[in-house]
Amino acid sequence: MNLNNRFVISAVVTVMLAGCAGSAEERRQAKQDFNYLETEPLKEWNQPEGTQKEQYPQYAIPSGQFKGGIGRDVDIRPPQQILQLIPGARAETQNGDVTLWLAREENLDRVWQTILTMIEERNVPIRTQTDSRIDTDWFTWVSADEEKLLRSRSSIDKVNQGSRYGFRVSQIDWEEDGKNVPVTAANKERYNTLMVNLITSAYDQELREEARIRAEELVKQIHISMGQDRSGLPIIIARAPYNVVWQRLPELLPALGLTLEEKNRSQGTMKVKYKAPDDEFWESIGTKPISFERNSYNLQLGDLGNRTSLNITDGTGKPVNEEVLESIVPVLAAVIEQSNNGSSTVE
């Protein structure tokens with residue numbers, strides 16, 4: 001199953017995209033004919049005289065009354081699978097109802113809020129609501145695999161068993177082309193599963209958005225200072241992880257009068273050209289000019305875990321002295337601060 005499928009719930013809900021040609025009926029049914037429906041009923045076998053009856057249990061046909069579709073009513077589509085988007089969650093299906101057990105009780109409170117937010121944002125009507133149950137009004141499922149217009153009402157309940165906490169999605173009502181009809185076992189499980197996937201997708205999207213915001217804040221908050229390497233030589237220290245500094249630094253270089261020409265992330269190197277900004281620039285950031293004397297420089301970044309080292313060599317490969325590094329620290333710090341405030345330091 002393609003985990004990139006997008007699920008959308010609103011007054012109209014798109015639940016899947018057809019990946020093959022043919023009508024909706026053809027996608028749900030076997031390609032062979034249904035001549036087997038014309039097979040005569042089984043008759044009791046008359047054992048010839050002088051023969052001995054042998055029975056093999058592995059070939060025995062179970063007896064009893066069994067309910068289920070036959071012929072064109074058999075749905076050959078693979079069952080829907082729960083998207084594994086909530087860490088530690090485990091799905092359980094019983095009589096078509098789908099329960100998703102979560103790893104911790106506090107996860108249920110977070111997921112429950114996600115459910116309420118999703119319903120509100122998608123303008124899905126709610127008939128009744130308590131602290132532990134939501135009953136939705138009618139909403140429509142739109143699918144290329146269905147010929148009929150399908151509508152359903154669902155209930156979402158908080159559940160707990162001992163130390164297990166989760167939520168259960170169940171069908172309340174079912175309509176096909178505007179007629180209230182009993183839902184088939186296959187459709188009951190299929191669309192309950194899709195509803196659970198809508199919830200887990202919304203939850204995953206919320207976590208991704210929070211992670212993006214945290215990453216942006218981390219990128220902004222880079223403290224710059226002087227430090228020493230293992231040999232005691234002076235270096236610049238950026239108090240942020242390597243991947244954060246590597247992503248942010250190219251955006252700051254133009255404000256320092258540096259033009260990025262080449263970079264190699266695996267080696268942590270950036271080759272730059274320097275053109276000193278005018279006096280107005282230095283006045284705007286309130287620092288003294290950088291003590292660069294050449295045009296070409298190489299920046300070397302080092303991964304120190306939660307910090308990143310920055311060393312600089314000139315075009316001949318000679319490290320710049322401590323005085324040059326010290327002149328860069330306040331300039332880089334000022335440029336980062338102005339960038340965070342949305343100001344532009346150079347044209």
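Student: I'd like to hear about the overall build of the protein, residue by residue, with values.
Tutor: Tallying secondary structure elements over the protein gives six helices and 15 strands in all. Buried residues in the protein amount to 37% of all 347 residues. Residue pairs in contact within the protein that sit at least 24 positions apart in sequence constitute 57% of those at least 6 positions apart. Total accessible area computed for the protein in this model is approximately 22000 Å², and 46% of it derives from carbon and sulfur atoms.

Student: I'd love a proper account of unusual backbone geometry, names of residues and values included.
Tutor: Positive phi, close to 55°, is recorded for Asn-95, a residue that is not glycine. For Asn-95, a relative accessible area of 67% corresponds to the exposed category. Phi at Asp-177 takes a positive value of approximately 50°, unusual for a residue other than glycine.

Student: I'd like to hear about the side chain of Asp-314, residue by residue, with values.
Tutor: Among the secondary structure elements, Asp-314 is positioned in strand S15 (residues 308-314). For Asp-314, a relative accessible area of 7% gives the class buried. Beyond its immediate stretch of four places on either side in the chain, Asp-314 contacts Arg-294, Ser-296, Tyr-297, Asn-298 and Val-320.

Student: Pulling in residues and values, what's your account of the environment of Val-183?
Tutor: Relative to the helices and strands, Val-183 resides in the loop between strand S9 (179-180) and helix H3 (185-220). Taking the C-alpha atoms as reference points, Val-183 and Gln-171, twelve residues apart in sequence, are found 8.6 Å from one another. Beyond its immediate stretch of four places on either side in the chain, Val-183 contacts Trp-174 and Lys-188.

Student: How would you sum up helix H2 (residues 105-121)? Please name residues and give values.
Tutor: Helix length check: H2 (17 residues) gives 25 Å between terminal C-alpha atoms against 24 Å at 1.5 Å per residue, within 8%. Among all positions in H2, only Asn-107, Leu-108, Val-111, Trp-112, Thr-114, Ile-115, Met-118 and Ile-119 are buried. Considered in projection along H2, the buried side chains sweep an arc of 160° and stay on one side of the axis. For H2, exposure combined with an orientation more than 90 degrees from the buried face picks out Glu-120 and Glu-121.

Quick notes on the rules
One numbering rule holds for all chains: residues counted from 1, following each sequence as written. Given that the model is predicted, a residue must reach a pLDDT of at least 70 before its local features are reported, and side-chain atom pairs must reach 80 or more before they are shown or counted; all residues, however, enter totals for whole chains, interfaces and linings. Side-chain figures throughout are based on the complete set of non-hydrogen atoms in the structure, without hydrogens or water. Labels follow the DSSP assignment, with helices taken as runs of H or I lasting at least four residues and strands as runs of E lasting at least two, numbered in each case from the N terminus. The buried label goes to any residue with under 20% of its type's maximum accessible area, the exposed label to any with over 50%, and the partly exposed label to all in between, with areas taken from a 1.4 Å probe on protein chains only. Throughout, a residue-residue contact means that at least one pair of heavy atoms, one from each residue, lies within 4.5 Å. Areas reported as accessible are Shrake-Rupley estimates using a 1.4 Å probe. Residue values count occlusion only from the protein chains shown. Any helix carries an expected span of 1.5 Å times its number of residues minus one. This arc is taken over the directions from the axis of the helix to the C-beta atoms.

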